[in-house]
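Given next are the chains, with one letter for each unit.
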Amino acid sequence: MAKFPQDYVVTASAIVDGSVDTQAEGKPPLAVAPPKTFGGPGDIWSPEELLLAALADCFILTFRAVASSSGLAWQHISCRATGVLDRDGSAILFTGFNLDCELKISDQARESDAASVLDRAKQGCFVSRALAVEPTVHTAIASA
């Protein structure tokens, strides 16, 4: 079992123009820039997209862990994360998040068990719990 608390470190650096060089120990660097809507190039990951990627990835990884401990027989899961960036007075912030997930379970798995595992993954995803706005999760379950 993992020990807590855990610390994670990411460094970011930039010069006057261009992308931000983002790094974490032992991993390849990642170029990050504003989205096209904020004057960025549009072909480099933006902080907004990285946040949504973290949300979708955390949900799937949490689902994997819960499914494994529950013995759920599943074959494939995919999640599409969307976020709404809007103004709230003078501040710009995310006002909503959605995860649209599709889960394919094995023939021997029960849909009710899969729904329970998905719900536990939603409750256990620590990225979604760290957000000021709780994501809405929609799921579709199909048997193989």
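Above this text you will find the structure in question.
Since we're looking at a predicted model, the values are computed, not measured. (Residues numbered from 1 in each chain as written. Predicted model: local features only at pLDDT ≥ 70, side-chain atom pairs only at ≥ 80, totals over all residues. Heavy atoms only, no water.)

Here we take up the sheet that holds strand E3 (residues 30–32). Ordered in space as E1-E2-E3, the 3 strands form an open sheet in which the pairing is antiparallel. At either end of the open sheet lies a strand with only one pairing partner, and these are strand E1 (11–13) and E3. For this sheet, the mean angle separating the axes of adjacent strands, direction not counted, is 30°. Bridging between E1 and strand E2 (residues 20–23) involves 3 bridges; their strand directions are antiparallel. (Pairing = 2+ DSSP bridges. Helix = DSSP H or I, 4+ residues; strand = E, 2+ residues; numbered from the N terminus. Axes fitted to C-alpha atoms, helices over the stretch in contact; angles between N-to-C directions.)

What the rule picks out here adds up to 2 salt bridges. A salt bridge links Asp113 to Arg110; its shortest N-O distance comes to 3.1 Å. In this structure Asp113 comes out as partly exposed when scored by relative accessible area, which is 33%. Relative accessible area serves as the criterion here: at 52%, Arg110 is assigned to the exposed category. (Salt bridge = Lys/Arg side-chain N within 4 Å of Asp/Glu carboxyl O. Buried < 20%, exposed > 50% of the residue type's maximum accessible area, 1.4 Å probe, protein only.)

Counting across every chain of the model gives 1 disulfide. The disulfide that involves Cys79 links it to Cys101, with 2.3 Å between the sulfurs. As the torsion about the S-S bond is roughly 105°, the Cys79-Cys101 disulfide counts as right-handed. Taken together, the residues Cys79 in strand E4 (residues 74–88) and Cys101 in strand E5 (residues 91–105) connect sequence positions 22 residues apart. You can call Cys101 buried: its relative accessible area is 3%. Sulfur of Cys58: no disulfide; nearest cysteine sulfur belongs to Cys125 and is 3.1 Å away. The class for Cys125 is buried, based on a relative accessible area of 1%. (Disulfide = S-S within 2.5 Å.)

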